[in-house]
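Observations on chain architecture
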Amino acid sequence: MQLGLVDAAHTGSSGGQYNNFRKANASGQIIGTTVRPAAAGGNSSWIWRPSFGTTAIGLTSAEYTGSSGYRASRSVFFTDKGDVAGESDRVTGVRTNLGRDTWVWTEATGTVRTGLVGADYTRVDGYRTSAAQFLSNGGLAAGKTQRLIAATGEDNGSDTWVWSAATGNVQIGISSPQHRGSGGYQFSQISSFRESGSVLGFSKRIRNASDSNGQNAWYWSASTGTVPMGLDGPGYISTSGLQFSGPFQGMTVLGQYEYGYSGRVQPSGVGLGTAPWVWSLTGGTTRIGLTGGSYRRASGYEYSDITYAEGTGFAYGWADRYRASDVSNGRDTWAWSPSTGTVRIGLAGPAFTNANGFQYSEVVFRANSGALIGSTYHLPAADAVN
C-alpha cells in the first residue's frame with residue numbers, strides 16, 4: 001500500500017517520488033509530507049485515511065505558491081479524531097518568503113486558514129507570520145500572530161488567538177490600555193492549553209512605546225472570554241503600574257482550580273518577593289502558602305513557591321524562613337486544599353530547630369494515595385551554624 005501524493009506535481013522528471021511518514025493516530029490515520037520536484041521545490045502535506053486514501057492538506061492558493069510552483073506546508077498537531085493543525089509558507093516570486101500562515105484541516109471543513117490578519121499583522125509587502133501552538137480533540141486550535149508596524153516592518157509584539165469551526169478566529173488575552181504601548185505594541189503568550197478547551201497565558205504590561213511594566217496572567221474559555229488571574233491591590237502593584245503575575249505550568253491533574261504566582265512590590269517598584277495563589281471562576285484569586293512572621297524579612301520581603309498542584313483542589317510548596325537581620329533562616333513546607341487552607345507540614349520543635357531558629361523541611365515524594373513524604377533537618381539546639 002502506497003501512502004502520499006503521487007500526481008504529476010509530486011513526481012520528478014525521471015519518475016521519482018519521495019514521501020515522508022510523520023505520525024499515526026489512534027484511529028489508524030497517518031499524516032506526512034511529499035517532496036515537490038526540484039523545478040518547483042518545497043513539499044506538500046497530506047493525510048491518509050483507511051476509507052479515503054491520501055488527501056492533500058494545507059494552504060495552496062496564490063499567496064502560498066511561487067511562480068515556479070514552490071510550496072511548503074507542515075503538519076504540527078494531529079488529534080486522534082483526525083483533525084490536523086499546520087503551517088504553510090507565504091511566498092512571492094519564485095520562492096521569496098513572506099512569513100507563514102496557520103491552518104486547520106478537518107474532514108468536515110477541509111483546510112481553513114487560522115490566525116489573525118489585517119493591518120496590525122501585515123507588512124506593506126504582504127509579510128505576515130503566525131504559529132500553531134495547540135489543537136484539541138474537540139476541534140479548538142490556538143496560536144499566536146506577530147504584530148507588525150506595516151510601513152516599516154518592525155516587530156510590534158504578538159497577539160494570541162483561538163479558532164473553532166463555530167466561531168472562526170478569536171483574539172484572546174488582555175488588551176487594555178495598560179497592556180498597549182503608545183505605538184500599538186502589545187504582547188500576549190499562551191502558557192498552557194487544556195483539552196477541555198480552556199487556555200492559560202499572560203499579557204505584558206506596557207508603558208511608553210514598548211517598555212515592559214510587568215505582566216498579568218489570564219484564563220480563557222469560550223463561555224467566559226479572557227479573565228485576569230493573580231493578586232492585585234496594595235503590595236502587588238507599584239505607583240507606576242508595575243505588576244507581575246504568571247500561571248503555574250506544572251499541573252498534571254486538571255480541574256476547576258488554576259494556580260500561579262504574583263510579584264510583591266513596594267509602591268516604588270522595589271521587589272518584595274513572590275506570593276503563590278489559587279484561582280477559580282467562582283472564587284477568584286486567593287493567596288496560598290506561608291506568610292508573615294518567620295517568613296518575612298524586616299523589609300517586608302517574602303518568597304514562597306508552588307512545587308505541585310492539582311486542579312481538583314490540592315497543592316504543596318515551600319516558603320523561605322528569615323530572622324530579624326534579614327538572614328536566610330531555612331525553609332518550611334506547606335500544603336493547601338479548599339477545606340483546610342494553607343497548612344504548614346513537616347517536623348518542628350527543639351530537635352529540629354537550632355539556637356537561631358533555623359529549620360529546614362522539604363517534600364521528597366508524593367504517594368499515589370496522596371500522602372506526602374518529606375524530610376526535616378535534625379538540628380541540635382546549641383548548633384548555631386546555618
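In this text, all values refer to a predicted model and were calculated from it rather than measured experimentally. (Residues numbered from 1 in each chain as written. Predicted model: local features only at pLDDT ≥ 70, side-chain atom pairs only at ≥ 80, totals over all residues. Heavy atoms only, no water.)

Here the focus is the overall build of the chain. A count of helices and strands for the chain gives zero helices and 26 strands. Considering only C-alpha atoms, the chain reaches an extent of 85 × 50 × 40 Å along its principal axes. The buried share of the chain, taken over its 386 residues, is 50%. Here the chain has roughly 17200 Å² of accessible surface; of this, 52% comes from carbon and sulfur atoms. (Helix = DSSP H or I, 4+ residues; strand = E, 2+ residues; numbered from the N terminus. Buried < 20%, exposed > 50% of the residue type's maximum accessible area, 1.4 Å probe, protein only. Areas by Shrake-Rupley, 256 points an atom, 1.4 Å probe, with all protein chains shown as cover.)

On to the environment of Gly260, then. Here Gly260 lies in strand β18 (residues 258-265). Along the chain, Gly260 and Pro247 lie 13 residues apart, while their C-alpha atoms are 4.1 Å from each other.

Right, let's talk about the pairing of strand β24 (residues 341-345) for a bit. As judged from the five bridges shared by strand β23 (residues 328-337) and β24, these two strands associate in the antiparallel manner. Residue pairing for β24: Ala335 is matched across the bridge by Val343. The antiparallel pairing of β23 with β24 creates a hairpin that spans three residues between the two strands. (Pairing = 2+ DSSP bridges.)

It is worth spelling out the packing of aromatic side chains at this point. Evaluated as defined, the whole model comprises 10 aromatic pairs. Between the aromatic rings of Tyr308 and Tyr316, the centroid separation amounts to 5.5 Å while the plane-to-plane angle is 20°, which identifies the pairing as stacked. Classification of Tyr316 as buried rests on a relative accessible area of 8%. Through a chain of ring-to-ring contacts, three or more aromatic side chains come together here, namely Tyr257, Tyr259 and Trp336. (Phe/Tyr/Trp six-rings, centres within 6.5 Å; stacked < 30°, edge-to-face > 60°.)

The next subject is the side chain of Arg147. Along the chain, Arg147 turns up in strand β10 (residues 141-148). Looking at Arg147, its side chain comes within polar contact range of the side chain of Asp159, at 2.8 Å. At a separation of 2.9 Å, a polar atom in the side chain of Arg147 contacts the main-chain carbonyl oxygen of Gly184. What Arg147 contacts, discounting residues up to four positions off in sequence, is Asp120, Tyr121, Glu154, Asp155, Asn156, Gly157, Ser158, Asp159, Arg180, Gly184 and Gln186. (Polar contact = N/O pair within 3.5 Å; in protein donor to acceptor, adjacent residues only side chain to side chain. Contact = heavy atoms within 4.5 Å.)

Turning our eyes to something else, we now look at the pattern of salt bridges. Tallied over the entire structure, the rule returns 18 salt bridges. With its nearest N and O atoms 3.6 Å apart, the salt bridge here joins Arg74 to Glu87. Placement of Arg74 in strand β5 (residues 71-78) and of Glu87 in strand β6 (residues 84-92) is noted, with a sequence separation of 13 residues between them. The residue Arg74 makes a salt bridge to Asp89 at a minimum N-O spacing of 2.8 Å. Pair noted here: Arg74 is in strand β5 and Asp89 is in strand β6, with a separation of 15 residues, a long-range link. You can call Arg74 partly exposed: its relative accessible area is 29%. A relative accessible area of 11% places Asp89 in the buried class. (Salt bridge = Lys/Arg side-chain N within 4 Å of Asp/Glu carboxyl O.)

Relative to the helices and strands, Glu310 is located in strand β21 (residues 302-310). Overall, the relative accessible area of 10% leaves Glu310 in the buried class. Glu310 has contacts with Met251, Val253, Tyr259 and Arg366, leaving out every residue within four places of it along the chain.

The next subject is a nonpolar patch on the surface. A contiguous nonpolar surface patch, about 300 Å² in accessible area, is contributed by Val364, Phe365 and Ile373. Mapped onto the fold, Phe365 is located in strand β25 (residues 359-366). (Patch = residues over 30% accessible without salt bridge, like charges linked within 9 Å, V, L, I, M, F, W, Y side chains within 5 Å.)

Here Ser44 shows up in strand β3 (residues 42-49). When sequence neighbours within four positions are dropped, the list of residues in contact with Ser44 reads Leu5, His10, Gly32, Thr33, Thr34 and Arg36. Polar contacts involving the side chain of Ser44 include one to the side chain of His10, which spans 2.8 Å. Here the side chain of Ser44 touches Arg36 through a polar contact of 3.1 Å, side chain to side chain.

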